[in-house]
Structure formats: structure tokens, C-alpha cells
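One letter stands for each residue in the lines below.
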Amino acid sequence: MKNNRYSLYSLIASAIVLLLGDVLQVLHHESILWTICLALSFVLFVGGIPAINSLIHTSNPTPRLIINIFLLVGAIAGASMQVLFRAIIILENEKFSEAAMALSNSTSLKLTTTVPGIFYPLGLILLCIALFFAKKYPLWKVVLLLMGAISFPVGHAIGNVVALVGGDILLISAWLVLSSDILNNSEKNTANNNSKFIH
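This text gives an overview of the structure that appears in the document. (Residues numbered from 1 in each chain as written. Predicted model: local features only at pLDDT ≥ 70, side-chain atom pairs only at ≥ 80, totals over all residues. Heavy atoms only, no water.)

1. Some words on the overall build of the protein
Logical step 1: Within the protein, the regular secondary structure consists of eight helices and zero strands.
Logical step 2: Order of helices (α) and strands (β) in the protein, N terminus to C terminus: α-α-α-α-α-α-α-α.
Logical step 3: Considering only contacts within the protein whose residues lie at least 6 apart along the sequence, 73% involve residues at least 24 apart.
Logical step 4: When the accessible surface of the protein is totalled, it reaches about 10700 Å², and 69% of it is carbon and sulfur. (Helix = DSSP H or I, 4+ residues; strand = E, 2+ residues; numbered from the N terminus. Contact = heavy atoms within 4.5 Å. Areas by Shrake-Rupley, 256 points an atom, 1.4 Å probe, with all protein chains shown as cover.)

This is the structure:
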């Protein structure tokens, strides 16, 4: 129970740090700090995956495994691609524009960093589908998370400020409203495990 509480804190913190980074980028064009915030956000999100697991109700382990793989691969890719972005920013700042352009246009780098990052929002969308079919959560909570999951890639891909910041706020709101469900489910799982242990 205590571990899942810390995992929940990590999940909420990841969304808050993401919002902080995007706000800094929008208001002050703090590109380096923005990439650091994004990298930290994805690292914190990995710590939040156990809390997400407590939301998934299924006797079949396959959906849980698939969602975990998507979220983990997406978060690791999201954190690692910030190194590439920082390298490009530093090269541009140091007037090595040709090298920065070469990195930006490198197909192999995109395939190994940027492309796997799409697994993060896809994992969140799969989570929403699992929550919907579980029929244990109010529809508005699932829709809130789904809107955040869709707004995240849209905002970062097209640079739309409303989608960018709005998506972050939606994710923070979704994890906050689902926090009581996460803690309640963790409590029930702990009680069930203790009961099995006693018997």
C-alpha cells in the first residue's frame, strides 16, 4: 500500500514537471531546461507505472502486460530523446547549424528515439480502453485521461500552445481524480493478499 502511494506521487509529479517544462518553453523559450524537465517527467512516470497497474482489472494478464510494455518503452524513449534535442540545441547555440541540421534530419536517430516515443500516448490510450471495459470507473474520469493522452502528442507535434499546456493540465487532473481509485484498489489488493497468506 505504501509503495503504491509513493508510485502515485511519482505519477502526479511526472505530469506536474511536464507542465512546468512546457510552460517554461512557451513563455521563455527555455529549450535546455525544457528538455531536462521532459526527461525528468518521463523518469518519474516509470516510477508511476505500478500505480497505473492497480487501476487495471482483468483476469487475463495479457492486456496489463501490453499496456506496461507500451508505457515503459514510450517513457524510456521520451527520456532518451531529450538527449538528442539537447545536442541539437547546443550545436545551434554554438553556430554549428549544419551539424544540428544533420542530426535533426537523421532517419536512424528518429527511428531509435523520436518514433518509439509514440508508445507513451498509445499506452495511455490502451489504458483508457481497459478502464472503459472494466466498467468500474466513471466515464468522465476515463474521458479526462483520454483527452490528456491525445492532446500530449498533438501539442508536441504541432507546437499548439493550447494543446500543449491543456494536455498537461488534463493529465494532472486525470491522475488526481483517479488517485482515490488507485489507493482504494491498492488497499483491496493488500487485504486480499494478506487473506490468502493467512489461509
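We are not done yet, so read on.
2. Thoughts on the pattern of salt bridges
Logical step 1: Tallied over the full model, the rule gives one salt bridge.
Logical step 2: One salt bridge connects K141 with D181, and the closest N-O pair in it is separated by 2.9 Å. Here D181 lies in helix α8 (residues 161–198) and K141 lies in helix α7 (residues 139–158), a separation of 40 residues in the sequence. Each member of the pair K141 and D181 is classed as buried. (Salt bridge = Lys/Arg side-chain N within 4 Å of Asp/Glu carboxyl O. Buried < 20%, exposed > 50% of the residue type's maximum accessible area, 1.4 Å probe, protein only.)

3. Focus on the packing of aromatic side chains
Logical step 1: Under the definition given, this model contains seven aromatic pairs.
Logical step 2: Taking the centre distance of 5.2 Å and the plane angle of 90° together, the rings of F42 and Y120 count as edge-to-face. Of this pair, F42 sits in helix α2 (residues 31–53) while Y120 sits in helix α6 (residues 119–134), and the two are 78 residues apart along the sequence. Both residues of the pair, F42 and Y120, belong to the buried class.
Logical step 3: In textbook terms, an aromatic cluster arises when at least three aromatic residues are bridged by ring pairs, as seen for F42, F45, Y120 and F152.
Logical step 4: Here the basic side chain of K135 rests over the ring of F132, its NZ or CZ set 5.2 Å away from the ring centre. (Phe/Tyr/Trp six-rings, centres within 6.5 Å; stacked < 30°, edge-to-face > 60°. Lys NZ or Arg CZ within 6 Å of the ring centre and 35° of its normal.)

4. Here's the deal with helix α3 (residues 61–93)
Logical step 1: Taking 1.5 Å per residue, 33 residues should reach 48 Å; α3 reaches 48 Å between its end C-alpha atoms and fits that length.
Logical step 2: Capping the start of α3, N60 holds a side-chain oxygen 3.0 Å from the backbone nitrogen of T62, two or three residues further along. (Expected span 1.5 Å × (residues − 1). Polar contact = N/O pair within 3.5 Å; in protein donor to acceptor, adjacent residues only side chain to side chain.)

5. Let's talk about the packing of α6 against α7
Logical step 1: Where α6 meets α7, the closest approach of the two axes is 9 Å, and the angle between their N-to-C directions is 165°. By the angle between their axes, α6 is roughly antiparallel relative to α7. Crossing geometry of α6 relative to α7 is assigned as left-handed. When α6 is examined against α7, the residues Y120, P121, L124, I125, L127, C128, L131 and F132 are found in contact with a partner set consisting of L139, V142, L145, L146, A149, I150, F152 and P153.
Logical step 2: Looking at the contact of α6 with α7, its residues break down into 16 nonpolar, no polar and no charged. (Axes fitted to C-alpha atoms, helices over the stretch in contact; angles between N-to-C directions. Parallel < 35°, antiparallel > 145°, perpendicular 65-115°, else oblique. Left-handed = near helix turned anticlockwise from the far one by under 90°. Nonpolar A, V, L, I, M, F, W, Y, C, P; charged D, E, K, R; others polar.)

Any link to function would need more than the numbers given here.
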